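The chain contents come next:
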Amino acid sequence: MRKIVVAIAAFMVSAVPALAQQQPPGGRLGTGLPVPRYVSLKTDRVNLREGPSKDHRTAWVFQRAGLPVEIIAEYETWRRIRDSEGTEGWVLHSLLSGRRTALVMPWAKKGEPPISLLDRPEPKAGVVAQMQPGVITNVKACDGKWCRVMISMENARDLDGYVQQEKLWGVYPDEQIE
């Protein structure tokens, strides 16, 4: 009997550090923000590293400010991110922005028709513009089915309209954004 009590006590002592390292209820770590969550790249040059420090090798360099990425883990000032193609790695938190952006159907095959940006959140609404897959949009709001987005245009007025939420990578299905 004494061996069982000692074994249980040893197990409890060894389990305490492991329990302390588990993710708290509600999927929140470090910053207290939900994980996973979408953010965007702050600059045109962001090194994606193999681990959470500058000592780790750069595996990839993103060169597109505003690109949406998904934070899937946090460690101190580092964030493990995933892009729309599934590439994962670590970036310094200061290179990320809380500004919500989304890619228009990055999974679309070559030759698929463009996606309509509409003037109202209705399938038969007027077309504001045709968007090619891979276009970055600024997400203004989502109701779970439709998102109001804006596309910044160089040397022209910005385009503002609605797109079905399922056609965007950078917002979760049924997510509501105000």
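A brief structural summary. (Residues numbered from 1 in each chain as written. Predicted model: local features only at pLDDT ≥ 70, side-chain atom pairs only at ≥ 80, totals over all residues. Heavy atoms only, no water.)

## Describing the nonpolar core
Step number 1: Within the largest apolar cluster, 18 residues are counted, with the highest numbers of intra-cluster contacts made by Leu-117, Met-131, Leu-168 and Val-171.
Step number 2: Listed by contribution, the elements that provide at least two residues to this core are strand S10 (101–104), strand S11 (115–118), strand S12 (127–131), strand S13 (136–143), strand S14 (146–151) and strand S15 (159–164).
Step number 3: Per-element accounting of this core gives the leading share, three residues, to S14.
Step number 4: With near-sequence residues (within four places) excluded, Leu-168 lies in contact with Ala-102, Leu-103, Val-104, Trp-107, Thr-137, Cys-147, Val-149 and Val-163. (Core = buried A, V, L, I, M, F, W, Y, C linked by side-chain atoms within 4.5 Å. Buried < 20%, exposed > 50% of the residue type's maximum accessible area, 1.4 Å probe, protein only. Helix = DSSP H or I, 4+ residues; strand = E, 2+ residues; numbered from the N terminus. Contact = heavy atoms within 4.5 Å.)

## With respect to the state of the cysteines
Step number 1: Inspection of the entire model under this criterion finds one disulfide.
Step number 2: Between Cys-142 and Cys-147 runs a disulfide, and the two sulfur atoms are separated by 2.0 Å. The disulfide joining Cys-142 to Cys-147 has a torsion of about 105° about its S-S bond and is therefore right-handed. With respect to class, Cys-142 is no different from Cys-147; both count as buried. (Disulfide = S-S within 2.5 Å.)

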